[in-house]
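# Architecture at a glance
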Amino acid sequence: MTTTAQHLFNGLIAGLAAGLTLAPPAQAAERLGAIPPVFRGLWMAEARHCTATQSDESWLRIEADRLSFYESSGPVLAVAGEGPERIGVIIALSGEGSTWLYLGLLSLDPGGDRLRLVSTGVEGEVLRVRCETH
C-alpha cells in the first residue's frame, strides 16, 4: 500500500473510530482484525423471512471478512469496535456494475438476536433479526 493510500486508510479508520464513541473519551474504539463472531451469520428483516433465498431484499450475510447484501457484497477493509456489541466497518462493496465504500455502524441489542445498521450518508437505521443456520 502506498504512503498516500495508507494515510487515507488511516484517516478512514480514525473517522470511523471517532463515530463509534458513545462512552466518555477515555474509552476509545479498538481496531479489530475481523468482524467478531457474535455479528456473523444470516440476518433478515423478520424471522419469517429466514427461509427466503438471497433474492429477498432484506437478506444480509455477515462473515469474518465479508459483508453480503441482497444485491451487493464485498470484503472488509477495516473494523473498529467499542465493546463486544458495537462495531464500525468499512467494506468495499460492489454490485450492479458499481463499486463503493460502505461505512457503517453495527450494533446488537441485548441478547444478540437483533442487529441495527446505521450507514454513512443514509438517514435512519435498518433492523435485522438473526436467522438460525442449518
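Here, the structure is the one placed above.
Residues numbered from 1 in each chain as written. Predicted model: local features only at pLDDT ≥ 70, side-chain atom pairs only at ≥ 80, totals over all residues. Heavy atoms only, no water.

## So, the overall build of the chain
A tally of helices and strands in the chain yields 1 helix and 9 strands. Each helix (α) and strand (β) of the chain, taken in turn from the N terminus, gives the series α-β-β-β-β-β-β-β-β-β. Counting the 134 residues in the chain, one finds 40% classified as buried. Looking at the chain as shown, the accessible area adds up to about 7,700 Å², and 55% of this sits on carbon and sulfur atoms. (Helix = DSSP H or I, 4+ residues; strand = E, 2+ residues; numbered from the N terminus. Buried < 20%, exposed > 50% of the residue type's maximum accessible area, 1.4 Å probe, protein only. Areas by Shrake-Rupley, 256 points an atom, 1.4 Å probe, with all protein chains shown as cover.)

## A few points about the pairing of strand S5 (residues 73-81)
Within S5, 7 of the 9 residues are buried, leaving the element largely enclosed by the surrounding structure. Inspection of the sheet shows strand S1 (residues 30-32) paired to S5 by 3 bridges, in the antiparallel sense. The residue of S5 that forms the bridge with Arg31 is Ala80. Relative to S5, strand S4 (residues 66-69) runs antiparallel, the two being bridged by 3 bridges. For Arg66, the partnering residue across the bridge sits in S5 and is Pro75. Between S4 and the antiparallel strand that follows it, S5, lie 3 residues. By the bridge criterion, 6 bridges tie S5 to strand S6 (residues 86-95) in an arrangement that is antiparallel. Each residue of the ladder has a partner; that of Ser73, found in S6, is Ser94. Counting the residues between successive antiparallel strands, the hairpin from S5 to S6 contains 4 residues, one of them, Gly83, with a positive phi of roughly 85°. (Pairing = 2+ DSSP bridges.)

## A short note on the side chain of Ser119
With respect to the helices, strands and loops of the structure, Ser119 is situated in strand S8 (residues 114-119). Within the structure, the side chain of Ser119 is placed 3.0 Å from the side chain of Tyr102, a separation counted as a polar contact. Beyond its immediate sequence surroundings of up to four residues, Ser119 is in contact with Tyr102, Leu103 and Gly104. (Polar contact = N/O pair within 3.5 Å; in protein donor to acceptor, adjacent residues only side chain to side chain. Contact = heavy atoms within 4.5 Å.)

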